[in-house]
Amino acid sequence: MLNYPRVAIDFMNNDHAEFVALRKHLLDLLHMGADHTQVDAMLDQLLEHTRRHFTEEEELMLSVQFPPYPMHKGEHDKVLADMVSRIETWKVTRNAKDISSWLEHAVRDWFVNHVSSMDFVTAAYIQARS
Ligand SMILES: [Fe+2]
């Protein structure tokens, strides 16, 4: 289980739980040696989920003129670019060990860290102003 805090905005908590479930599902598929097409579909879903979630957070931040918006948005952009390139690499190399290790470690560390810091502070700021 990933250890991360609840934040002050409900849709963010729901999205975070969904992200955790998608990551777990992907790791399970990879560990059981599932078909590439199944893994591809789940990776696309993870990317789509992340893109949508980031956009929603960003729209909310803009609507309340959240001062550290550029910093938070910058991290979203960096994470999305990394995710896109990892998925592209997987589709070329089909290296299950690499993509599993990325999901297991880098994605876990980024997620826990991002939710505990940026999302936590952002949600508290937005909630206090709505
Ligand atoms: Fe965020």
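Up top is the structure.
One numbering rule holds for all chains: residues counted from 1, following each sequence as written. Owing to the predicted nature of the model, reporting of local features is limited to residues with pLDDT of at least 70; listing and counting of side-chain atom pairs is limited to 80 or more, with chain, interface and lining totals taken over all residues. Side-chain descriptors were evaluated using all non-hydrogen atoms of the structure, hydrogens and water having been removed beforehand.

Engineer: Give a detailed account of the overall build of the chain, specifying residues and quantitative values.
Structural biologist: Only DSSP runs of H or I with at least four residues qualify as helices, and only runs of E with at least two residues qualify as strands; both kinds are numbered from the N terminus onward. Looking only at helices and strands, the chain has four helices and zero strands in total. The linear arrangement of helices and strands in the chain, starting from the amino end, is α-α-α-α. A compact globule built from 130 residues should have a C-alpha radius of gyration of about 14 Å, and the chain, at 15 Å, falls within 12% of that. When the backbone C-alpha atoms are referred to their principal axes, the chain occupies close to 45 × 25 × 20 Å. Across the 130 residues of the chain, 42% fall into the buried class. Of the roughly 7200 Å² that the chain leaves accessible, carbon and sulfur atoms contribute 55%. Only the C-alpha atoms count toward the radius of gyration. The rule for a globule is 2.2 Å times the residue count to the power 0.38. Between buried and exposed lies partly exposed: a residue is buried under 20% and exposed over 50% of the maximum accessible area for its type, with that area taken using a 1.4 Å probe on protein chains only. Here, Shrake-Rupley sampling with a 1.4 Å probe gives the accessible areas, and only protein chains in the shown set may cover a residue.

Engineer: Pulling in residues and values, what's your account of the coordination of the iron ion?
Structural biologist: At 2.1 to 2.3 Å from the iron ion lie its protein donor atoms, namely Glu57 (OE), His72 (NE2), His76 (NE2), His114 (NE2) and Asp119 (OD). Any nitrogen, oxygen or sulfur atom within 2.8 Å of a metal ion counts as a donor, with the limit raised to 3.2 Å for Na, K and Ca, and since water is left out, coordination shells can look unfinished. Sequence spacing of the donor residues for the iron ion, all on one chain, is E-x14-H-x3-H-x37-H-x4-D. Within this pair, whereas glutamate 57 is found in helix 2 (residues 36-63), its partner histidine 114 is found in helix 4 (residues 96-128), the two being separated by 57 residues in sequence. Each member of the pair, glutamate 57 as well as histidine 114, is classed as buried.

Engineer: With reference to specific residues and values, describe the side chain of asparagine 13.
Structural biologist: Structurally, asparagine 13 is set in helix 1 (residues 10-31). Polar side-chain contacts of asparagine 13 include one of 2.8 Å to the backbone nitrogen of valine 7. Not counting residues within four places of it along the chain, the set of residues in contact with asparagine 13 comprises Arg6 and Val7. For this analysis, a polar contact is any N or O atom pair within 3.5 Å, provided that within protein one partner can donate a hydrogen and the other can accept it, and provided that sequence-adjacent residues contribute only side-chain to side-chain pairs. Contacts are assigned to residue pairs that have any heavy atoms within 4.5 Å of one another.

Engineer: I'd like a description of the environment of serine 63, backed by residues and values.
Structural biologist: With respect to the helices and strands, serine 63 occurs in helix 2. Overall, serine 63 belongs to the exposed group, its relative accessible area being 55%. Separated by 63 residues in sequence, serine 63 and isoleucine 126 have C-alpha atoms that sit 9.2 Å apart. Here leucine 60 takes part through its backbone oxygen, which lies 2.8 Å from a polar atom of the side chain of serine 63.

Engineer: Give a description of unusual backbone geometry that names residues and reports values.
Structural biologist: Of note, the phi angle at glutamine 65 is positive, near 50°, even though the residue is not glycine. Checked against the element boundaries, glutamine 65 lands in the loop between helix 2 and helix 3 (69-93). The class for glutamine 65 is exposed, based on a relative accessible area of 68%.

Engineer: Summarise the environment of leucine 80; cite the residues concerned and give the values.
Structural biologist: Within the secondary structure, leucine 80 is located in helix 3. Residue class for leucine 80 comes out buried when judged on its relative accessible area of 15%.

Engineer: Any chance you could break down helix 1 for me, citing the residues and the numbers?
Structural biologist: For a helix, the expected span equals 1.5 Å multiplied by the residue count minus one. Here helix 1 spans 32 Å end to end across 22 residues, near enough to the 32 Å set by a 1.5 Å rise per residue. Looking at helix 1, one finds that the buried residues are Met12, Asn13, Asp15, His16, Phe19, Val20, Leu22, Arg23, Leu26, Leu27, Leu29 and Leu30. Tucked into the core, helix 1 has its buried residues touching helix 2, helix 3 and helix 4.

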